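Take a look at the letters that make up each chain.
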Amino acid sequence: MHRNWKLFAITLTALLISLSGCKNDEGDLALSGTRPTVSSVSPADGAASVAVDSSVEVTFSEVMASSSITAAGADCSGTVQLSSEDFVSCLALGDASVDSTGKVFTFVPSANFGNATSYKVKVSTAAQSAEGLNVASDYTQADGFITVSNSTTTTTTTTTTTTTTVSDPTLSITYPTLNRSHYVDDETAPRTVNFTYSSGDTVTCSRDSGATYGSCDSASGGSGTLIWNIADASQVHYIKVTNSAGTATSANFTPSTKYASVSFHSCTETVSSSEGFDSFDARISSSNKVICLNDGVTVTRSGGDTAAYITLDQTGLVVIAREGSTATFNNDVASGSNDGIFWSGTTAPKLVGLTMTTNLTANLKAIYLTYSSGAGDGLQILNSTLTCSGNTSLSCINVQNGASSATNPLTIDGSTITASNISSSGYLLYVSDVVTVSNSTLTSGYLVSYLFTSAADLSISNSTITGNLDSSATSSGLFTSFNTIAGLTLTSNQITTHGLPALVVNGTASGATFTLDGNTFKRGATANSNKAAIISNYAGTLLNSTTGNSFCNVDNNLTNAKWSFILDSTAGALSGSSSFALSNQTPNDEVLNTSGATFSACN
């Protein structure tokens, strides 16, 4: 019995010694079968333009133990890992599905890949075959794969796979064209930003510098609007378009910067129905008032009104009609020598968007401006229409009082001023002070302006100017100066005269400076003899031109409808410091006091 136990012990010891010597190269006990390797990975190493909703597929050389093939979380803890950050962190993968061979494992990421992003796939040594053999070493893609710059969406059914490309979102902004520098704050048109976008995408707007986003004022079918609020003018406004893949594009603007030169006024008083001069005159009772006139309102002087004109005598006054509406001031009742529509002698009143008409006679003025010494900016006529008519001498606008008065006694911008049916002693502008006109249309039945005193200084730019008088006189022109005036500046205007010279300098205009740059002077139809475009009756005149002017005829086929020459200086040569070189004008072959030259018809 003891001998048998001894034999069993010797046999068991020999067996254990034999087994201890049968380890594999890694020190594991030798198991039957082949050690698994990674055969392929999809997306493949080096692949480009990979769809952002692609799955990850790993194929092994052997049948694998499914329990060992685990998906990585964000901490890169699983057997199969996916990372765009060199495995510092991972994109979480869903549980694996395995095919019938037991070798192919498919993972669906928890979220789409990012656009134009590089990813790598890693398989760790924890992956084990069905026979218990581990992958010998970690497998990591060398270069990884790169996703598309545009988003793609893949829809899989049991029978077909359809890939749809989702284009990047588009956005185009159109800001409103502003025809004014002054609006009422309840006008939405100048505050409406239109945009177009890729139809089907989502549009949101922010009015608080991007802190919050919400609905735009409208957005449907690829077009929309954002109307910014006056209270939010200093905030950055965003319009953002986002496609179905989460890719976004945006545009932004800040109203207070975009519209820095535009003022929006709150009405302190509203005129809703028509009334007389006395009633409206009574409204101008305190400074800084904004009087808004509703569409269709007419303020008319009747026989019962004691006010011969409306007095703009309060500082900071604004009288305004909304863009697109009509508000009319009219005075056809003559009772004295200074009847008209408005009189001003104070600081910076503004007339915006008004229609003004008068049919007065006997040396009357539609708008009469007189200023005390030291006054600030004067009257501004903006985006308005003024029509003056009368059968005797009339000054449509009369600016008085000389050099010691307002800074800018009269400014006209974006307006249409017409003086029709007036006599040969009537003027559209009677100027004895500083007047600035821009972007306007001036039409006169006789003279456009009469520059009278030493303070008279008229500047007109980017305007259309027409004089319709047919006269044989050469002592007056469309622009006529007299005495020791300060000067006249005409820049980039279209100037047409139907009979008179364009400019006549009379009297003792010592030191007066006339600057004519970039204008087109047109000679229109007349039955009277040809005239020079410019007549200087005083040799001390300073006539300057830097950019040159164009002189032409409206129609060369009309009898006598031609300039005879550019410059006629009947008082002798111009001042030596003048820079009006005839070679700088078009045509440039005209010479002083030479008639019979050829001017082409205007384009």
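Because the structure is predicted, anything quoted here is derived from the model rather than measured. (Residues numbered from 1 in each chain as written. Predicted model: local features only at pLDDT ≥ 70, side-chain atom pairs only at ≥ 80, totals over all residues. Heavy atoms only, no water.)

## Focus on the overall build of the protein
To keep it simple, the criterion reads: Comment: elements are numbered from the N terminus, with helices defined as DSSP H or I runs of at least four residues and strands as E runs of at least two. We call a residue buried when its accessible area falls under 20% of the maximum for its residue type, exposed when it is over 50%, and partly exposed in between, using a 1.4 Å probe and counting protein chains only. Note on contacts: a residue pair is in contact if any heavy atoms of the two residues lie within 4.5 Å. Only the protein chains shown count as cover for residues, and all accessible areas are computed by the Shrake-Rupley method using a 1.4 Å probe.
Across its full length, the protein carries three helices and 51 strands. Scored against the burial criterion, the 603 residues of the protein give a buried share of 45%. Expressed as a percentage of contacts within the protein between residues at least 6 apart in sequence, the contacts between residues at least 24 apart total 72%. For the protein, the accessible surface area stands at approximately 26100 Å², while carbon and sulfur atoms represent 48% of it.

## Overview of unusual backbone geometry
Note that the residue after serine 42, namely proline 43, is joined by a cis bond; omega there is 0°. Structurally, proline 43 can be placed in the loop between β1 (38–42) and β2 (56–60). Non-glycine residue asparagine 288 carries a positive phi angle of around 60°. Secondary-structure assignment places asparagine 288 in the loop between α3 (277–283) and β22 (290–293). The exposed category is assigned to asparagine 288, whose relative accessible area is 53%.

## Quick word on the sheet that holds strand β44 (residues 494–497)
Filter applied, for reference: For two strands to pair, DSSP has to find at least two bridges joining them.
If you trace the 11 strands from one edge of the open sheet to the other, you get β21-β23-β26-β29-β32-β35-β38-β41-β44-β47-β50, paired in parallel fashion. Edge positions in the sheet fall to β21 (275–276) and β50 (550–553), since each of these pairs with one other strand and no more. In this structure, strand β47 (residues 520–523) lies alongside β50, joined through four bridges in parallel fashion. Across the sheet, threonine 520 pairs through a bridge with serine 550, a residue of β50.

## Brief notes about the sheet that holds strand β46 (residues 513–517)
Applied cut-off: Angles here are taken between N-to-C directions and fall from 0 to 180 degrees, while the axes themselves are lines fitted to C-alpha atoms, restricted in helices to the stretch in contact.
With parallel pairing, 11 strands are arranged side by side in an open sheet as β20-β22-β25-β28-β31-β34-β37-β40-β43-β46-β49. Every other strand in the sheet has two partners, leaving β20 (269–271) and β49 (542–544) as the edge strands with one partner each. Strand-to-strand, the axes of this sheet are offset by a mean angle of 10°, without reference to chain direction. Examined bridge by bridge, β46 and β49 share three bridges and lie parallel to one another. Each bridged residue has a counterpart across the sheet, and for threonine 515 the counterpart in β49 is asparagine 544.

## Looking at the pairing of strand β37 (residues 434–438)
Where strand β34 (residues 410–413) and β37 come together, four bridges link them in parallel fashion. In the sheet register, threonine 411 faces β37, and the bridge partner there is threonine 436. Sheet analysis places β37 next to strand β40 (residues 457–461), joined by five bridges and oriented parallel. Bridge pairing links threonine 436 to serine 459 in β40.

## Focus: the confidence of the model for the protein
For the record, the criterion: For every residue, the predictor reports its confidence as pLDDT, a number between 0 and 100.
On average, the protein scores 80 in pLDDT, and the residues at 70 or more come to 77%. The element-level mean pLDDT for the protein is lowest in helix α1 (residues 2–20), coming to 42, with β22 highest at 98. In the model, residues 1–29 has pLDDT below 50 throughout and makes nine contacts with residues more than four positions away in sequence or in other chains.

## Describing the packing of aromatic side chains
We apply this condition: Classification of ring pairs uses Phe, Tyr and Trp, with its six-membered ring standing for Trp, and accepts pairs whose centres are within 6.5 Å; under 30 degrees between planes counts as stacked, over 60 as edge-to-face, and the remaining range as tilted.
Inspection of every chain in the model, using the stated rule, returns 13 aromatic pairs. Ring plane angle 80° and centroid distance 5.5 Å describe the contact between tyrosine 175 and phenylalanine 253, whose orientation is recorded as edge-to-face. Taken as a pair, tyrosine 175 in the loop between β11 (171–174) and β12 (182–184) and phenylalanine 253 in strand β18 (residues 248–253) lie far apart in primary sequence, 78 residues in all. Given the relative accessible area of 6%, phenylalanine 253 is considered buried. When the ring of tyrosine 183 is compared with that of phenylalanine 264, the centres are 5.8 Å apart and the planes differ by 20°; the resulting orientation is stacked.

## Overview of the side chain of threonine 311
Looking at the secondary structure, you find threonine 311 in strand β24 (residues 310–312). Relative accessible area serves as the criterion here: at 16%, threonine 311 is assigned to the buried category. Filtering out sequence-adjacent residues up to four positions away, threonine 311 remains in contact with Asp281, Ile284 and Trp343.

## Things to note about the pattern of salt bridges
Stated formally: Any Lys or Arg side-chain nitrogen located within 4 Å of an Asp or Glu carboxyl oxygen qualifies as a salt bridge.
A complete count under the given rule lists five salt bridges for this structure. Notably, a salt bridge pairs arginine 283 with glutamate 269, separated by 2.6 Å at the nearest N-O pair. With arginine 283 in helix α3 and glutamate 269 in strand β20, this pair connects stretches of sequence that are 14 residues apart. In terms of burial, arginine 283 and glutamate 269 fall into one category: buried. Close ionic contact of arginine 283 with glutamate 275 constitutes a salt bridge, the shortest N to O distance being 2.9 Å. Here arginine 283 matches glutamate 275 in class, with each residue buried. Through salt bridges with shared partners, a single network forms among Glu269, Glu275, Arg283 and Lys289.

## Notes on the environment of alanine 96
Within the element layout of this structure, alanine 96 appears in the loop between β3 (80–83) and β4 (97–98). Note on alanine 96: relative accessible area 32%, which makes it partly exposed. The spatial distance from the C-alpha of alanine 96 to the C-alpha of threonine 70 is 7.1 Å, given a sequence separation of 26 residues. What alanine 96 contacts, discounting residues up to four positions off in sequence, is Ile69, Phe105, Thr106 and Phe107.

## With respect to the environment of threonine 358
In this structure, threonine 358 sits in strand β29 (residues 355–359). The spacing of threonine 358 and glycine 340 is 18 residues in sequence and 7.2 Å in space, taken between C-alpha atoms. In contact with threonine 358, not counting residues within four places along its chain, are Asn330, Asn331, Asp332, Ile341, Ala366, Thr387, Cys388 and Ser389.

## As for the environment of glycine 445
With respect to the secondary-structure elements, glycine 445 resides in the loop between β38 (441–444) and β39 (447–451). In the structure, glycine 445 is positioned 26 residues away from alanine 419 in sequence and 6.0 Å away in space, judged by C-alpha atoms.

## Details of the side chain of asparagine 331
Our working rule: Think of a polar contact as two N or O atoms within 3.5 Å of one another; within protein, one of them needs to be a possible hydrogen donor and the other a possible acceptor, and neighboring residues in sequence only count if both atoms come from side chains.
Secondary-structure assignment places asparagine 331 in strand β26 (residues 328–331). Taking the relative accessible area as the measure of exposure, asparagine 331 reaches 0% and is therefore buried. One polar contact links the side chain of asparagine 331 to the main-chain carbonyl oxygen of alanine 308, over a distance of 3.3 Å. Apart from residues no more than four positions distant in its own chain, asparagine 331 is found in contact with Phe277, Arg301, Ala308, Asp339, Gly340, Ile341, Thr357, Thr358, Asn359 and Leu360.

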